[in-house]
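Structural overview
Here is how the chains run, residue by residue.
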Amino acid sequence: MQEHCAAYSCSNLRTIDNRAQGITFHKFPKNKDVRKKWEVAMRREGFTATCSSVLCCHHFKEGDFDRTGQIVRLRDGVIPSVFSFPVHLQRDHGYALPASPTALKTRLSEALARVESLEREKKNAMAREKRAKTTVKSLLGDLREKNLINEELQEKLEFYSGKTIDLMAKQGHEYTKDYREFALTLHLHGPKAYKYPRETQHFPLPHPHTLQRWLRSVDAKPGLNKLMLDMLERRCQGDQAKYGCVSLMLDAMSIRKHVQYNPHTQSMSGFVDNGDGISETDFATEALVFMVVGLQGHWKAPIAYFLTKSLSPETQRVLLSNSLQELHARGIRVVCVTMDGHASNVSMCNQLGCVLKGDPREPLQTSFSHPVTGEKVFVMMDATCSSWHVICCRHTVQLQRPPDRSI
């Protein structure tokens with residue numbers, strides 16, 4: 001039977017070919033003290049060998065050999081010291097047992113102490129989570145008593161009371177996703193509702209500037225907001241009665257001419273943008289906003305906005321039709337469209353099929369067909385708008401005026 005080198009990962013055998021190459025093999029010494037040193041040296045590298053094992057010359061230094069005679073011998077008292085044991089299997093790892101029972105007992109004691117420490121940390125974390133949930137519920141009740149939040153916002157914030165939100169965490173630590181959503185939801189309702197727990201109750205909520213920095217990373221390019229539409233679709237699937245029927249509101253507001261570089265999109269913003277990806281060089285002076293309002297329940301959500309300069313009724317009609325189609329694709333039914341009585345809005349409604357201007361003695365056509373289903377979509381003008389107020393007044397006066405009998 002051929003003898004094999006006892007060192008780990010060494011494939012040298014005691015053969016004639018290896019002997020011709022100058023590879024020699026050496027048995028463990030008979031001296032008990034020297035043999036014990038060999039065994040300790042091998043255990044130090046993570047493996048053991050018996051007294052009948054042999055080691056090849058590759059595990060000794062060149063100065064350990066006596067080559068004065070015909071037979072290559074080891075010098076007295078030398079110890080093998082050249083090993084190529086892998087780093088991931090060295091003795092420092094848990095599955096490589098130490099040589100002495102005392103060291104093994106010490107390692108066991110350290111492992112038990114580590115387990116006890118982890119169990120104590122787990123228990124403390126569960127206690128902090130329980131206190132945080134209680135704190136959130138108490139905070140929401142306090143805000144509700146001071147009329148800083150309404151019932152709808154309280155229901156939204158109570159959703160986070162069942163999650164792990166450590167409100168007592170020290171400032172400077174990285175905020176979790178649930179913590180960020182809780183802070184953003186509370187701040188978007190109003191600065192007072194956010195200022196009260198942060199400054200009065202001294203809760204470590206993020207600074208409003210931090211919230212603004214978080215919101216900059218949200219994709220808010222002009223056009224339809226796909227994230228908001230997808231969220232409404234999920235809400236509609238969960239509660240059809242509350243989110244299934246809506247009113248679509250649109251309004252244009254003046255904005256200041258200003259162009260600036262957006263580092264998140266790496267582009268210039270402030271030009272006319274209808275959300276179609278076509279670059280324009282005109283400065284935007286207005287923002288046309290589309291918002292849906294629930295007919296059941298107190299909620300509203302902006303679904304799109306467009307940066308415009310002088311939007312034609314034809315283009316506005318296309319944008320409105322696209323919004324109606326997107327809402328229909330997500331199972332949301334638009335019952336009516338609300339807007340002010342601007343001339344462009346009235347012209348857009350007439351193009352859709354309404355009759356808002358005509359013979360005062362004839363009834364008005366205040367609805368148009370849905371671009372997908374063909375159902376009636378009613379148009380409701382804002383009563384505070386002066387131009388539409390004039391139209392309504394003229395129509396009422398003509399109906400109440402007695403006929404002219406002078407002829």
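Residues numbered from 1 in each chain as written. Predicted model: local features only at pLDDT ≥ 70, side-chain atom pairs only at ≥ 80, totals over all residues. Heavy atoms only, no water.

This brings us to helix H10 (residues 313–329). The terminal C-alpha atoms of H10, which comprises 17 residues, lie 24 Å apart, in line with the 24 Å expected from a rise of 1.5 Å per residue. Among the residues making up H10, those that are buried are Pro313, Gln316, Leu319, Leu320, Ser321, Ser323, Leu324 and Leu327. (Helix = DSSP H or I, 4+ residues; strand = E, 2+ residues; numbered from the N terminus. Expected span 1.5 Å × (residues − 1). Buried < 20%, exposed > 50% of the residue type's maximum accessible area, 1.4 Å probe, protein only.)

Ordered in space as S5-S10-S9-S6-S11-S13-S12, the seven strands form an open sheet in which the pairing is mixed. Bordering the open sheet on either side are strand S5 (223–224) and strand S12 (367–369), each of which pairs with just one other strand. As paired strands, strand S9 (residues 286–294) and strand S10 (residues 300–308) are joined by eight bridges and run antiparallel to one another. The residue of S10 that forms the bridge with Phe290 is Ala304. Its contacts with the sheet put H10 on S5, strand S6 (245–254), S9, S10, strand S11 (333–339) and S12, and the angle it makes with S9 is roughly 30 degrees. (Pairing = 2+ DSSP bridges. Contact = heavy atoms within 4.5 Å. Axes fitted to C-alpha atoms, helices over the stretch in contact; angles between N-to-C directions.)

On to the side chain of Gln316, then. Among the secondary structure elements, Gln316 is positioned in helix H10. For Gln316, a relative accessible area of 4% corresponds to the buried category. Of note is the side chain of Gln316, whose polar atom sits 2.5 Å from the side chain of Asn345. Excluding residues that lie within four positions of it along the chain, Gln316 makes contacts with Leu250, Leu288, Leu311, Ser344, Asn345 and Met348. (Polar contact = N/O pair within 3.5 Å; in protein donor to acceptor, adjacent residues only side chain to side chain.)

Turning our eyes to something else, we now look at the environment of His328. Considering the arrangement of structural elements, one finds His328 in helix H10. For His328, a relative accessible area of 34% puts it in the partly exposed group. Excluding its chain neighbours within four sequence positions, the residues that come into contact with His328 are His370, Val372 and Thr373.

On to the pattern of salt bridges. Within this structure, the stated rule accounts for four salt bridges. With a closest N to O distance of 3.4 Å, Glu326 and Lys226 form a salt bridge. Of this pair, Glu326 sits in helix H10 while Lys226 sits in helix H8 (residues 226–238), and the two are 100 residues apart along the sequence. Overall, the relative accessible area of 22% leaves Glu326 in the partly exposed class. For Lys226, a relative accessible area of 41% corresponds to the partly exposed category. In this structure, Glu326 engages Arg330 in a salt bridge whose closest nitrogen and oxygen atoms are separated by 2.7 Å. In the salt-bridge network here, residues are joined through shared partners; they are Lys226, Asp230, Glu326 and Arg330. (Salt bridge = Lys/Arg side-chain N within 4 Å of Asp/Glu carboxyl O.)

Moving on, we get to the pairing of S11. Looking along a regular strand, one sees the side chains alternate between the two faces of the sheet. The buried count for S11 comes to five of seven residues, which makes it a mostly enclosed element. Two strands pair when backbone bridges link them, and S11 and strand S13 (residues 376–381) are joined in this way by four bridges, in the parallel orientation. Opposite Val337, over in S13, you have Val379 as the bridge partner.

Let's shift gears to the packing of aromatic side chains. Counted by the stated rule, this structure contains four aromatic pairs. Each ring, one from Phe60 and one from Phe65, has its centre 6.0 Å from the other, and the planes form 70 degrees; the classification is edge-to-face. Seen from their ring centres, Phe290 and Phe306 are 5.6 Å apart, and the 90 degrees between their planes marks the pair as edge-to-face. You can see Phe290 sitting in strand S9 and its partner Phe306 sitting in strand S10, a full 16 residues away along the chain. (Phe/Tyr/Trp six-rings, centres within 6.5 Å; stacked < 30°, edge-to-face > 60°.)

A few words now on H8. Since the α-helix turns once every 3.6 residues, residues separated by three or four places project in the same direction. Taking 1.5 Å per residue as the helical rise, H8 with its 13 residues ought to reach 18 Å, and the 19 Å between its terminal C-alpha atoms agrees with that figure. When we look at burial in H8, the residues that qualify are Met228, Leu229, Leu232 and Cys236. When H8 is viewed along its axis, its buried side chains cluster within an angular range of 95 degrees and face the same direction. Exposed side chains of H8 directed beyond 90 degrees from the buried face belong to Leu227, Arg234, Gln237 and Gly238. Taken together, the buried residues of H8 touch S5, helix H9 (240–243), S9, S10 and H10. The residue sitting at the N-terminus of H8 and contributing the capping side-chain oxygen is Asn225; that oxygen lies 3.1 Å from the backbone nitrogen of Leu227. (Arc of directions from axis to C-beta.)

Here the chain averages 76 in pLDDT, while 76% of its residues score no lower than 70. Per-residue pLDDT, averaged within each element of the chain, yields its smallest value for helix H12 (residues 386–400) (37) and its largest for S11 (93). Counting interchain partners and residues more than four positions distant, the pLDDT-below-50 stretch residues 88–94 has 13 contacts. (pLDDT = per-residue confidence, 0-100.)

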